[in-house]
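# Notes for the structure review
Take a look at the letters that make up each chain.
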Amino acid sequence: MSIKRIGLQTVKLSNPPSILGTSSIVGPKEGAGPLKDYYDLILEDDMWGQESFEKAEAKIQEEAIKLAISNANLSPNEIEYLFSGDLLNQIISSSYTARQLEIPYFGLYGACSTMTESISLGAMIIDGGFASNVVCATSSHFSSAERQYRFPLEYGAQRPFSSQWTVTGAGATVLSSTGNGPYITYITTGKIKDFGVIDVNNMGGAMAPAAIDTISQHFKDTGYNPNDYDLIITGDLALVGKKILLELMKKEGYDLTENYSDCGIKIFDGVAQDTHAGGSGCGCAAVVLNGYIYKEMVKGNLNRVLLIATGALHSPISTLQGESIPGIAHAVTIDNLAQ
């Protein structure tokens, strides 16, 4: 049996699954941002007729999954596995969504790295011959996340300039053993990196070390360099983390200044929309991938993309106990041509 693992942390898929369909649903603030033309649905009201922010988030994720399946010209009973997660305790948005869909379900918690975590696992299951069609999804909601991790909105707390705005939105990707691309060709699974950041308003600083470690290892494992990609994009380091990443990657011998960006920066106009350092949340990388990146690849404007979604794996309890914030980053190569 041939081993598909290359280097220390990377898998090269021998039967790369194709992205058969995607969807992206966002709230009104996200829909007013620079990527507004790429989303499938922009909500006029982030409650979407529900009784709570948590129920609204579950509805957003459920509808995003249904829409992605429809966009892939499949029916729900043709989907063999659902991989999804979110930011809330016990990943309730994803679990309640799975309850409605009745698709065999793997619930994941990778915080804001969940989009690439789900794609990594879904792609490996297809490459291994265990499924033909899977859905990978995640969601977040500004109001549900703020209530859990920081303060109720009614509190009116001031946000420091290092803070990020949790994206209200959900994205879903249908991966298939059939299709004409784009394809998932490489997966680099990250390690936990924790440099002692304890400030919950500095997610970029907490997550940047994990992103640096995963990107560097990806290049070492694959033999690729930054110039082999049309776009290298992290999943919500925002302005603070981007500055750290560019400086430290250069010390590692990799200059990313020409083709690096971040989902948390692209999704909002930070000045006009007053989002401080930028966007964050599971939904950030999810809607940028399933909206902007996917559609630009279909158009041929991007041919090879390295997406590295990053997550801060803390909890409200660990923060109150003075624990530092562990970071994780998982990378996937998305290629218009199967390798």
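This one's a predicted model, so the numbers in the text were calculated from it and none came from an experiment.

## Focus: the overall build of the chain
When helices and strands are tallied, the chain shows 10 helices and 15 strands. A globule of 339 residues ought to have a C-alpha radius of gyration of about 20 Å, and the chain, at 18 Å, matches this closely. Seen through its principal axes, the chain has C-alpha atoms that stretch 55 × 50 × 35 Å. Looking at the chain residue by residue over its 339 residues, the buried ones come to 60%. Expressed as a percentage of contacts within the chain between residues at least 6 apart in sequence, the contacts between residues at least 24 apart total 78%. Element-wise, carbon and sulfur atoms account for 51% of the exposed surface of the chain, whose accessible area totals about 13,500 Å². Here the chain holds 23 positive side-chain charges and 36 negative ones, and the gap between their average locations is 4 Å.

## So, the environment of Val288
Tracing the backbone shows Val288 in helix α9 (residues 282-299). As for Val288 and Ile192, which are separated by 96 residues in sequence, their C-alpha atoms are 24 Å apart. If we ignore the near neighbours within four places in the chain, the residues touching Val288 are Leu35, Ile233, Cys263, Ile267 and Ile293.

## Focus: the pairing of strand β14 (residues 304-312)
Most of β14 is tucked away, with nine of its nine residues classed as buried. Bridge count between strand β11 (residues 231-235) and β14: five bridges; the pairing is parallel. Paired with Leu231 across the two strands is Val305, which belongs to β14. Sheet analysis places β14 next to strand β15 (residues 327-335), joined by nine bridges and oriented antiparallel.

Calculation notes
- Residues numbered from 1 in each chain as written.
- Predicted model: local features only at pLDDT ≥ 70, side-chain atom pairs only at ≥ 80, totals over all residues.
- Heavy atoms only, no water.
- Helix = DSSP H or I, 4+ residues; strand = E, 2+ residues; numbered from the N terminus.
- Rg over C-alpha atoms; globule rule 2.2 N^0.38 Å.
- Buried < 20%, exposed > 50% of the residue type's maximum accessible area, 1.4 Å probe, protein only.
- Contact = heavy atoms within 4.5 Å.
- Areas by Shrake-Rupley, 256 points an atom, 1.4 Å probe, with all protein chains shown as cover.
- Lys, Arg positive; Asp, Glu negative; His and termini not counted.
- Charge placed at Lys NZ, Arg CZ, Asp CG, Glu CD.
- Pairing = 2+ DSSP bridges.

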